[in-house]
Amino acid sequence: MRRRSFLLGAATAAIAGSAGYYRARIVETTPEIHYPGMQAGHALRDGAAWPQPSASHKRDVVILGSGVAGLSCAWKLAREGHTDFLVVQGPEPEGNAAAGLRDGLDYPLGAHYLPLPSLASTHVREMLADFGIIERGASDARPYYDETALVHSPQERLLRGGHWEENLLPMSGLPEADLAQHRKFLALIDRLHTQTGNDGRKVFCIPLAHSSQDPAWRALDAITFRQWLEREGYTSPALHWYLNYCCRDDYGARYDVVSAWAGLHYFASRDGHAANAGEGAVLTWPGGLSTLMQRMRDAITQKLGHAGWLAAGMAVRVQETPAGPLVTCLSSAAAYTVQARRAVCAMPLFVAQRILPDIRAYGYDPAAHAPPHAPWMVSNFVMEGYPAEAPGEPLSWDNVVYQGKALGYVVSTHQLLRVARTPRCVFTAYHALSEMKPDTARDWLTRASPEELRAEAASDLVAAYGQEFWRHARQLEITVRGHAMASPLCGYLSNPGLAALRDVDGPVLFAHADLSGYSVFEEASWWGVAAAGRIMGRKLSQS
């Protein structure tokens, strides 16, 4: 069914869908709370004793972690015919791209969409073509995408002044001087999409490794995004709110601490297009990026002819020996070792520093070089029926409350094409605790009661629907990610420790979005593919 047909049908069925279920009294749902990786991470931090290994394995390559970077490395190796590798899953398979399933409904536990990749992101385009998501024209400016993966309309809306309006940047009911600033900023971003530095490279590019090294532009990394806005004369409160929201959403940190270079990069590096979708479209699935991870696993298994390449457990120690890295792993069943010629640490750096005898030997000192990591909550509300809407734009895929406490909510079931609304759906609320320092927020997340976490999780939803929201919310699953993503604060571009790890090309390799200083699929997959290239003796070009 085409999106236009869906929209016409949904409009006529909205009343019936909304009235499908109505709880007689307000009951705030008891949350189910998960802290993925926290117990294992704290055991590593505290130097826990591990049992003696009871089994051993030998592989040419061992990849430690099955998040985006780890699976991307395995996918590239398998695609190029390098088959002798083992992926050790880690404490949470798929990492920040994991998904949940409840009563037949998929929903994301972390990342939920992928922007259309630009021409520079050839590694992502190659993946999407391999998985059938790009159906044709992978090297074209406007590839043709699988229609079911392109976000369906209506895509986004903003609740402001009790009324839902289209788009997230306010453009109505504001003084003309403010609107002029909004138009000026958008025009600047249009120019920056093609801006090049004195080395001929694009100033803002994904992957980050392809961006210009021009000192005049890199100097933006020395000031915050808010300082840059004020320096350039941008004073509109609505524009400041919007850009602060974007930094919190993509980086987990406020615009008054995020690097100005990173703040502009958020917009100017994104220039992907589709032959069969409008500007600003993204790729998404009910389970978020977990669908991509499943496609990657399936492609690897099909290429190898078996599923034995993926092992349960987590790495707890890496020792370099004359024969290559010796990795000790711990699973629920027992401990085991993997002797390999090369090991890929496809895990956050705050974990890698715990399993290597001394990560400083690679030029990275955690005390001086560790990027700050933002804590997040991802909360999934299983809904019976739909709460009554404020006037204006209809329920969209992405729904944001102006000046809201959190980051709004996504309707994870939005991609399920129906003529009428589904009787049940999932609202996925995202919250970066950026109003607190990361350590303070992590401490609060571990001490907060289920009731406090529920109130935080539902803050934007209650702002949108009032207490009536609870008449429809039947189940609640809260995923607490204490170290969800690296945040690109001032100076991250010139971090010498990250630069050192990016250049490592020995028995141990590093592959994680942390190497870029911020967390998105394109960066994580780039470092996974780059590690595979080094293993095969083909270092990827950074020009």
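Residues numbered from 1 in each chain as written. Predicted model: local features only at pLDDT ≥ 70, side-chain atom pairs only at ≥ 80, totals over all residues. Heavy atoms only, no water.

Per an unreviewed UniProt entry, the protein chain is named NAD(P)-binding protein, and its organism is Achromobacter pestifer.

Turning next to the overall build of the protein chain. In terms of regular secondary structure, the protein chain is built from 17 helices and 21 strands. Here the C-alpha atoms of the protein chain give a radius of gyration of 23 Å, agreeing with the 24 Å that 2.2 N^0.38 yields for 543 residues. At a minimum sequence separation of 6, the contacts of the protein chain that also span at least 24 residues come to 74%. Accessible surface for the protein chain amounts to roughly 21,500 Å². Of this, 52% is attributable to carbon and sulfur atoms. Charged side chains in the protein chain number 50 positive and 54 negative. The centres of these two groups are separated by 2 Å. (Helix = DSSP H or I, 4+ residues; strand = E, 2+ residues; numbered from the N terminus. Rg over C-alpha atoms; globule rule 2.2 N^0.38 Å. Contact = heavy atoms within 4.5 Å. Areas by Shrake-Rupley, 256 points an atom, 1.4 Å probe, with all protein chains shown as cover. Lys, Arg positive; Asp, Glu negative; His and termini not counted. Charge placed at Lys NZ, Arg CZ, Asp CG, Glu CD.)

Read across the open sheet, the eight strands follow the order 1-20-16-19-18-17-9-10; overall the sheet is mixed. The open sheet terminates on both sides in strands that have one partner only, identified here as strand 1 (31-34) and strand 10 (163-166). Across the sheet, the mean angle separating the axes of adjacent strands is 25° when strand polarity is ignored. In the packing of helix 8 (residues 237-251) onto the sheet, the strands contacted are strand 9 (156-160), strand 16 (373-384), strand 17 (398-401), strand 19 (424-432) and strand 20 (473-486), and the crossing angle to strand 17 comes to about 125°. This element, helix 13 (residues 438-447), spans strand 16 and strand 20 of the sheet and lies at about 40° to strand 16. (Pairing = 2+ DSSP bridges. Axes fitted to C-alpha atoms, helices over the stretch in contact; angles between N-to-C directions.)

A few words on the pattern of salt bridges. Note on pairing: side chains with opposite charge can pair once their charged atoms come close. Counted under the stated rule, the structure contains 30 salt bridges. A salt bridge links Glu389 to Arg157; the shortest N-O distance between them is 3.0 Å. Of this pair, Glu389 sits in the loop between strand 16 and strand 17 while Arg157 sits in strand 9; the two residues are 232 residues apart in sequence, bridging distant segments of the chain. Connected through shared salt-bridge partners, Lys76, Arg79, Glu80, Glu126 and Asp130 make up one network. (Salt bridge = Lys/Arg side-chain N within 4 Å of Asp/Glu carboxyl O.)

Bringing the nonpolar core into the picture now. If you look at the biggest cluster of nonpolar residues, it comprises 86 residues, and the most contacted ones within it are Ile63, Leu64, Phe85, Leu283, Val344 and Phe510. Ranked by residue count, the leading element in this core is helix 17 (residues 521-535), at nine residues. Within the second largest apolar cluster, 55 residues are counted, among which are Leu229, Tyr255, Leu407 and Val520. (Core = buried A, V, L, I, M, F, W, Y, C linked by side-chain atoms within 4.5 Å. Buried < 20%, exposed > 50% of the residue type's maximum accessible area, 1.4 Å probe, protein only.)

We now examine helix 8. Over its 15 residues, helix 8 runs 21 Å from end to end, which matches the ideal 21 Å to within 8%, given 1.5 Å per residue. The buried fraction of helix 8 amounts to 14 of the 15 residues, a majority that puts the element mostly inside the structure. Positive phi shows up at Gly252, right after helix 8, with a value of about 75°. (Expected span 1.5 Å × (residues − 1).)

Moving on to the side chain of Asp221. As for its position among the elements, Asp221 is in the loop between helix 6 (215-218) and helix 7 (225-231). Polar side-chain contacts of Asp221 include one of 2.8 Å to the side chain of Ser259. For Asp221, the side chain forms a polar contact with the main-chain nitrogen of Leu493, separated by 3.0 Å. Those residues within four positions of Asp221 in sequence are excluded, and the remaining contacts are Ser259, Trp261, Leu489, Cys490, Gly491, Tyr492, Leu493 and Ser494. (Polar contact = N/O pair within 3.5 Å; in protein donor to acceptor, adjacent residues only side chain to side chain.)

What follows deals with unusual backbone geometry. The omega torsion of the bond from Ser153 to Pro154 falls at -10°, within 30 degrees of zero and hence cis. With respect to the element layout, Pro154 can be found in the loop between strand 8 (144-145) and strand 9. The omega torsion of the bond from Ile206 to Pro207 falls at 10°, within 30 degrees of zero and hence cis. Even without a glycine there, the phi angle at Glu94 is positive, about 75°. Even without being a glycine, Asp103 presents a positive backbone phi close to 55°. Considering the arrangement of structural elements, one finds Asp103 in the loop between strand 4 (99-102) and strand 5 (105-108).

A separate point is the packing of aromatic side chains. The final tally for this structure, using the stated rule, is 25 aromatic pairs. On the numbers, 5.2 Å between centres and 75° between planes, the contact of Phe381 with Phe469 is edge-to-face. Here Phe381 is found in strand 16, whereas its partner Phe469 is found in the loop between helix 15 (459-465) and strand 20, with 88 residues between them in sequence. Exposure remark for Phe469: the relative accessible area of 0% places this residue in the buried category. Here the aromatic residues Phe185, Phe225, Trp228, Tyr234, Tyr242, Tyr251, Tyr266, Phe267 and Tyr518 are joined through ring pairs into a cluster of three or more. (Phe/Tyr/Trp six-rings, centres within 6.5 Å; stacked < 30°, edge-to-face > 60°.)

Turning our eyes to something else, we now look at the packing of helix 8 against helix 9 (residues 260-268). Between two packed helices, the angle of one axis relative to the other and the distance separating the axes together describe the packing. Packing of helix 8 against helix 9 leaves a shortest axis separation of 10 Å and a crossing angle of 85°. Here helix 9 runs roughly perpendicular to helix 8, going by the angle between their axes. Of the residues in helix 9, those touching helix 8 at Tyr242, Leu243, Cys246, Asp249, Asp250 and Tyr251 are Ala262, Gly263, His265, Tyr266 and Phe267. Considering only residue class, the contact of helix 8 with helix 9 consists of seven nonpolar, two polar and two charged. (Parallel < 35°, antiparallel > 145°, perpendicular 65-115°, else oblique. Nonpolar A, V, L, I, M, F, W, Y, C, P; charged D, E, K, R; others polar.)

Turning next to the layout of surface pockets. The gaps left among the atoms become clear once a water-sized probe is rolled over them. Of the pockets and cavities examined, the second largest pocket occupies roughly 1,300 Å³. By residue number, the principal contributor to the lining of the second largest pocket is helix 8, which donates five residues. Of the residues contributing to the lining of the second largest pocket, the split by class is 22 nonpolar, eight polar and ten charged. (1 Å grid on protein atoms, 1.4 Å probe; cavity = no way out; pocket = protein on both sides within 12 Å on 5 of 7 lines; lining within 4 Å. Points joined across faces, edges and corners; volume = space filled by probe spheres on them.)

This paragraph deals with the pairing of strand 3 (residues 85-88). The alternating pattern of strand 3 places Phe85 and Val87 and Leu86 and Val88 on opposite faces, both of which are buried. Here four bridges tie strand 2 (residues 55-64) to strand 3, and the two strands are oriented parallel to one another. Within strand 3, the position partnered with Ile63 by the bridge is Val87.

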